Amino acid sequence: MSIQKIIENVYAVGSKDPRRPLFDQLMPLEEGTSYNSYLIKGSEKIALIDTVYPPFEQDIEEKLNELHIDHIDYIIADHGEQDHSGALPGLLKKYPMAKIVTNQKCKEITMGFLPLKEEDYLVVGDGDSISLGDKTLEFMMMPWVHWPDTMFTYLKEDGILFTTDFFGAHATNFDLFWEDDPRLIPLAKAYYAEIMQPFARVFQKYIPRVEEMAPKMIASSHGPIYKKPSFIIDLYKEWTSPNKKNQVVIVGVSMYGSTDQMVDYITERLTEKGIQVKYYDAVHLNATGLASDLIDSMGLIVATPTVLTGPHPAVVMPIFLANVLKPTLKYIGLIGSYSWGTLVDKQVVGMLGNLKDVQILPPVLAKGTPKDVDKKALDELVEKIAVYHAS
Ligand code: FEO
């Protein structure tokens, strides 16, 4: 990514990493990601907002050289994760007079990962500000976006809100600004689903705070700058809303076809009721699709045969993922076949302990292939599910 001028004396100096295949060694990236960093030249002082992932340290240093930056006064660390903080030690070596400006929690986290010292930091709190001369940076503590250390920085005179990971997207196929082209929506949604989803309730308080500020631009640490902030704000309102689509996710695996027969049966019955079923194959899991669909779905049905006494190992990963992402589901169902005995219901429920406000529906577990009695139990399960979708 070349240097890009946002407005007079404010530049994007971060890096694109289009060939990165996975984030957190878990989520596939369609077009890699970017590590955004912003340089702000005030009339008296210079600040850099966030750095980059360490493999791109040379890239940011070359950009700063190209801009003839011979000193930096402040490096703002809005978040301590190393895709943004990793180049702090190298940049402090290049600009030894610079202070890292951050909150106490981010200071502790970055000192835990990086060779940094107490005296490298200037600690700020909510509402604090620093002057760069003709420009002012104001700090807002916004913990749990998605770590406890996160804060936003507001460039007051120009109305640019820097939101660290919040409102981000793993996207590299963009110029600099984004207005309302819907092409970004699935990428921003996947990013929200995988990183932000567990904190949806927290964000219901943060989003109005951002709206009240009415920033002219939102600049996140991944993806484009939103020149029309309402585009991404409205999407976040939708994704954090307790209102769900008339949709249920089934994630399943079958060894000899009995559990698949149950999935087919319940899918047909749910579809007859007008409920959309999104099925995910646990063996060849599209984790991004699953995470995104969990945002909008009323419920989740786990379909698994019993392996010895527990769920099939392939379905454990998506169950664990759902437990980590904490989607605001209304209900969870469990269906599947077993041969001689099963503890699958206890084990699956035990894996979903993070989902506090969700109703666990009675499991439907068939001995062998599903018989009429099992189909009747599936019909009863569908009736229970339909109640949620009717309200
Ligand atoms: Fe993009 Fe939480 O780091």
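All figures in this text were calculated on a predicted structure; none of them were measured in a lab.

A. Structural detail: the domain arrangement of the protein chain. Along its sequence, the protein chain is carved into domain 1 (4-240) and domain 2 (249-386). Computed over C-alpha atoms, the centres of domain 1 and domain 2 are 39 Å apart. Each side of the interface is counted separately: domain 1 has twelve residues, and domain 2 has 15 residues. Contact between domain 1 and domain 2 buries roughly 1200 Å² in total, counting both sides, with carbon and sulfur atoms accounting for 61%. When residues of domain 1 are sorted by the area they lose upon contact with domain 2, Lys 189, Gln 197 and Pro 198 head the list and together hold 40% of the total. Seen at the junction of domain 1 and domain 2, the total is two salt bridges. Connecting domain 1 to domain 2 are five residue pairs in polar contact (both at pLDDT 80 or more). Only strand S5 (27-28) and helix H5 (185-196) provide two or more residues apiece to the side of domain 1 that touches domain 2. Among the elements that take part in the side of domain 1 that touches domain 2, H5 stands out by supplying five residues, more than any other. A per-class count over the side of domain 1 that touches domain 2 returns eight nonpolar, one polar and three charged.

B. Broad picture of the packing of aromatic side chains. For the structure on display, the rule yields 16 aromatic pairs. Relative to Phe 231, the ring of Tyr 226 has its centre 6.3 Å away and its plane inclined at 35 degrees; by these criteria the two rings are tilted. Neither Tyr 226 nor Phe 231 differs from the other in exposure class; each is buried. An aromatic cluster of three or more residues is present, and its members are Trp 144, Phe 152, Phe 166, Phe 167, Tyr 192, Phe 199, Phe 203, Tyr 206, Tyr 236 and Trp 239. Across the ring face of Phe 174, the terminal group of Lys 16 is positioned such that the distance to the ring centre comes to 4.3 Å. Arg 20 extends its terminal NZ or CZ atom over the ring of Tyr 53, reaching a point 5.0 Å from the ring centre.

C. Spatial organisation of the packing of helix H9 (residues 287-296) against helix H10 (residues 313-325). In contact at an axis separation of 11 Å, H9 and H10 are set at 45 degrees when each is read in the N-to-C sense. The orientation of H9 relative to H10 falls into the category oblique. Helix-helix and strand crossings are classified by hand; for H9 and H10 the assignment is right-handed. Of the residues in H10, those in contact with Ala 287, Leu 290, Ala 291 and Leu 294 of H9 are Pro 318, Leu 321, Ala 322 and Leu 325.

D. Just the sheet that holds strand S8 (residues 46-49), in detail. If you trace the seven strands from one edge of the open sheet to the other, you get S1-S2-S7-S8-S9-S10-S11, paired in mixed fashion. Looking at strand neighbours, the two that pair on one side only are strand S1 (4-7) and strand S11 (121-123), the edges of this open sheet. Here the average twist between neighbouring strands, direction ignored, is 25 degrees. Where strand S7 (residues 38-41) and S8 come together, four bridges link them in antiparallel fashion. Residue Ile 40 lies in a different strand from S8, and its bridge partner there is Ala 47. Relative to the sheet, helix H4 (residues 104-113) contacts strand S10 (99-102) and S11, its axis offset from that of S11 by approximately 150 degrees.

E. Region of interest: the pattern of salt bridges. Taken as a whole and judged by the stated rule, the model has 18 salt bridges. In this structure, the salt-bridge partner of Lys 105 is Glu 108, at a minimum N-O distance of 3.9 Å. Of this pair, Lys 105 and Glu 108 are both found in helix H4, three residues apart, which corresponds to roughly one turn of the helix. Judged by relative accessible area, Lys 105 falls into the partly exposed class, the value being 38%. The class of Glu 108 is partly exposed, set by a relative accessible area of 42%. Here Asp 180 makes a salt bridge to Lys 228, at a shortest N to O gap of 3.0 Å.

F. Examining unusual backbone geometry more closely. Residue His 146 is bonded to the preceding Val 145 through a cis peptide linkage, with omega at 10 degrees. With respect to the helices, strands and loops of the structure, His 146 is situated in the loop between strand S13 (136-141) and strand S14 (151-155). Even without a glycine there, the phi angle at Phe 167 is positive, about 70 degrees. The topology assignment puts Phe 167 in the loop between strand S15 (160-162) and strand S16 (177-178). Accessibility expressed as a relative area gives 0% for Phe 167, which makes it buried. Within the chain, Leu 308 stands out as a residue other than glycine whose phi angle is a positive 55 degrees. Position of Leu 308 among the secondary structure elements: in the loop between strand S22 (306-307) and strand S23 (310-311). By relative accessible area, which is 64% here, Leu 308 ends up exposed.

G. Structural view of H5. For H5, a buried count of ten out of twelve residues is recorded, marking the element as mostly surrounded by other parts of the structure. Listed as buried for H5 are Leu 187, Ala 188, Lys 189, Ala 190, Tyr 191, Tyr 192, Ala 193, Glu 194, Ile 195 and Met 196.

H. Seen up close, the pairing of strand S26 (residues 364-367). Residues Val 364 and Ala 366 of S26 are buried on one face, while the alternating residues Leu 365 and Lys 367, pointing to the opposite face, are not. Sheet topology note: the strand S24 (residues 331-338)/S26 ladder contains four bridges and is parallel. Note that in S26 the partner of Ser 337 across the bridge is Ala 366.

Parameters at a glance
Residues numbered from 1 in each chain as written. Predicted model: local features only at pLDDT ≥ 70, side-chain atom pairs only at ≥ 80, totals over all residues. Heavy atoms only, no water. Domains from an automatic or database assignment. Contact = heavy atoms within 4.5 Å. Buried area = accessible area lost by both parts, 1.4 Å probe. Salt bridge = Lys/Arg side-chain N within 4 Å of Asp/Glu carboxyl O. Polar contact = N/O pair within 3.5 Å; in protein donor to acceptor, adjacent residues only side chain to side chain. Helix = DSSP H or I, 4+ residues; strand = E, 2+ residues; numbered from the N terminus. Nonpolar A, V, L, I, M, F, W, Y, C, P; charged D, E, K, R; others polar. Phe/Tyr/Trp six-rings, centres within 6.5 Å; stacked < 30°, edge-to-face > 60°. Buried < 20%, exposed > 50% of the residue type's maximum accessible area, 1.4 Å probe, protein only. Lys NZ or Arg CZ within 6 Å of the ring centre and 35° of its normal. Axes fitted to C-alpha atoms, helices over the stretch in contact; angles between N-to-C directions. Parallel < 35°, antiparallel > 145°, perpendicular 65-115°, else oblique. Left-handed = near helix turned anticlockwise from the far one by under 90°. Pairing = 2+ DSSP bridges.

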